[in-house]
Amino acid sequence: QVQLVESGGGSVQPGGSLRLSCAASGFTLDVYAIGWFRQAPGKEREGVSCTYSSDGSTHYADSVKGRFSISRDNTKNTVYLQMNSLKPEDTAVYYCATDCNGSRWYEDSLWGQGTQVTVSS
């Protein structure tokens, strides 16, 4: 059974940090481009970060550049999103998915169930 499972979300104050995990089962994650996406209530989904399988390069949305960092641990079949200096506007449900391309996503990709991140004082 193939799936992606996000974890690590929670509630933090502005300026705090969280590390999200995207764990794959049933397939080898390192052959895919893997992306993080987020959707806040009443807003459209947006791409946050993407790491490519071909050359290992990464992409970040301008809004998170310098604050977020995506990484892989192929031994654990997991992709991480380290989020630092969190802002209230980062509040959203965060999803990971296969086959990202920059900030783009694909509806027929494999998606996780999402994990809630709330940044408030």
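Everything numeric here is computed off the predicted structure, so don't read it as measured data.

## Description of the packing of aromatic side chains
Then comes step 1: Counted by the stated rule, this structure contains four aromatic pairs.
Then comes step 2: For the ring pair Phe 27 and Tyr 32, a centre distance of 5.4 Å and an interplane angle of 90° mean the geometry is edge-to-face.
Then comes step 3: An angle of 50° between the planes, with centres 5.1 Å apart, marks the rings of Phe 37 and Trp 111 as tilted. With Phe 37 in strand E4 (residues 34-39) and Trp 111 in the loop between strand E9 (92-98) and strand E10 (115-119), this pair connects stretches of sequence that are 74 residues apart.
Then comes step 4: In this structure Phe 37 comes out as buried when scored by relative accessible area, which is 1%.
Then comes step 5: Each member of the aromatic cluster is reached from another via a ring pair, and the members are Phe 37, Tyr 95, Trp 105 and Trp 111.
Then comes step 6: Seen from the ring of Tyr 80, Arg 19 lies directly overhead, with NZ or CZ sitting 4.2 Å from the centre.

## Side note on the pattern of salt bridges
Then comes step 1: This model, assessed by the stated rule, comprises five salt bridges.
Then comes step 2: Measuring nitrogen to oxygen at the nearest pair gives 3.4 Å for the salt bridge that ties Lys 65 to Asp 62. Like Lys 65, the residue Asp 62 is exposed in the burial classification.
Then comes step 3: Close ionic contact of Asp 90 with Arg 67 constitutes a salt bridge, the shortest N to O distance being 2.8 Å. Residue Asp 90 is located in the loop between strand E8 (78-83) and E9, and its partner Arg 67 is located in the loop between strand E6 (58-60) and strand E7 (68-73); the two are separated by 23 residues in the primary sequence. The burial state of Asp 90 is the same as that of Arg 67; both residues are buried.
Then comes step 4: Here the salt bridges do not stand alone but share partners, grouping Arg 38, Glu 46, Arg 67 and Asp 90 into one network.

What counts, and where the lines are drawn
Residues numbered from 1 in each chain as written. Predicted model: local features only at pLDDT ≥ 70, side-chain atom pairs only at ≥ 80, totals over all residues. Heavy atoms only, no water. Phe/Tyr/Trp six-rings, centres within 6.5 Å; stacked < 30°, edge-to-face > 60°. Helix = DSSP H or I, 4+ residues; strand = E, 2+ residues; numbered from the N terminus. Buried < 20%, exposed > 50% of the residue type's maximum accessible area, 1.4 Å probe, protein only. Lys NZ or Arg CZ within 6 Å of the ring centre and 35° of its normal. Salt bridge = Lys/Arg side-chain N within 4 Å of Asp/Glu carboxyl O.

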